[in-house]
Amino acid sequence: IVVTDNFAAVVDGSTSKSSFRMDGKTSGLMGMELVCDALRQLPSDSSAQEAVNFLTGRIRRFYEDHRLYEDAKRHGEHRLTASAVIYSRQKHEIWMVGDCLCRFNGKTYGNPKPVDKLLADIRSDILHYLLRKGHSIASLQEHDLGREWIFPCLKDQCSFQNAEDIGQWGYAVLDGFPVDISLVRILPVPVNAEFLVLASDGYPVLADTLK
């Protein structure tokens, strides 16, 4: 969570799809930390495009400083990757980069990835099959065979993040590579909005109050 005089944001590091570690940190954790640090330095009058470029540039410089750029370019699963939902006080807008959530004036908004729905349906089918074959819910909660089954696809889907010419499966994240601004959801915030709720995609249901 980042809150400054001009921005409020929730930044969610992507779950690691590889064994990549630096100083004991996963790629998602490092991506989240870099984006949070950059948000604290983001110029107050930034537009959505300028903000995305600024945050992307922070990760890109990290790659270059640590000689990681070519590896990250070739292997999407090695990239320092995060999603973010950002409120700009000056622009009165919410910017959703990747799969995150927000809520205001009684309505919840998301920015889901089409590939997530596809893989979630496959994972669900596998789990239902395993239940019919005698596995218990408790055992599958302890050892999620459904996720294991789709894991190669989860890894391969990284090839679609911020990629060019990949049709309906492409999606935007903050990973140090150019972002297609058309995949960033930009929401104007009405002047009568009393509260804003920002969350990662892992939050189950957004409501108007925490209670």
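Now for a look at the structure at hand. (Residues numbered from 1 in each chain as written. Predicted model: local features only at pLDDT ≥ 70, side-chain atom pairs only at ≥ 80, totals over all residues. Heavy atoms only, no water.)

The next subject is the overall build of the protein chain. Within the protein chain, the regular secondary structure consists of six helices and eight strands. Scanning the protein chain from its N terminus toward the C terminus, one meets helices and strands in the order β-β-α-α-α-β-β-β-β-α-α-α-β-β. On C-alpha atoms alone, the protein chain measures out to a radius of gyration of 18 Å, which is about the 17 Å that the 2.2 N^0.38 rule sets for 211 residues. The dimensions of the protein chain, computed from C-alpha atoms along their principal axes, are 55 × 45 × 35 Å. Evaluated residue by residue, the protein chain yields a buried proportion of 41% over its 211 residues. Put simply, the protein chain shows about 12,000 Å² of open surface, and 52% of that area lies on carbon and sulfur atoms. (Helix = DSSP H or I, 4+ residues; strand = E, 2+ residues; numbered from the N terminus. Rg over C-alpha atoms; globule rule 2.2 N^0.38 Å. Buried < 20%, exposed > 50% of the residue type's maximum accessible area, 1.4 Å probe, protein only. Areas by Shrake-Rupley, 256 points an atom, 1.4 Å probe, with all protein chains shown as cover.)

Pairing in this open sheet of five strands is antiparallel, and the strands run β1-β2-β3-β4-β7 from one edge to the other. With one partner strand each, in any of the chains shown, β1 (2-3) and β7 (185-188) form the two edges of the open sheet. Across seven bridges, strand β2 (residues 7-13) lies against strand β3 (residues 82-88) in antiparallel orientation. When the sheet's bridge partners are listed, Asp12 is paired in β3 with Ser83. Sitting on the sheet, helix α1 (residues 27-39) touches β1, β2 and β3, and the angle it makes with β2 is about 170°. (Pairing = 2+ DSSP bridges. Contact = heavy atoms within 4.5 Å. Axes fitted to C-alpha atoms, helices over the stretch in contact; angles between N-to-C directions.)

Moving on, we come to the pairing of strand β5 (residues 100-104). Along β5, five of the five residues are buried, which leaves the element largely enclosed by surrounding structure. Burial of β5 is two-sided: the residues Cys100, Cys102 and Phe104 facing one way and the residues Leu101 and Arg103 facing the other way are all buried. Taken together, the four bridges between β5 and strand β8 (residues 197-200) define a ladder with antiparallel strand orientation. Paired with Leu101 across the two strands is Ala199, which belongs to β8. With four bridges joining them, β5 and strand β6 (residues 107-110) adopt antiparallel strand pairing. Directly across from Phe104, in β6, lies its bridge partner Lys107.

It is worth spelling out the nonpolar core at this point. Counting 34 residues, the largest nonpolar core has Val11, Val35, Leu39, Tyr63, Leu80 and Ile86 as its most contacted members. If you list the elements that add at least two residues to this core, you get β2, α1, α2 (48-65), α3 (69-74), β3 and β4 (93-97). Sorting elements by how many residues they give to this core places α2 first, with seven residues. Once residues within four sequence positions are removed from consideration, Val35 is found in contact with Val11, Leu55, Ile59, Ala82 and Leu174. (Core = buried A, V, L, I, M, F, W, Y, C linked by side-chain atoms within 4.5 Å.)

That's the geometry; what it means functionally is another story.
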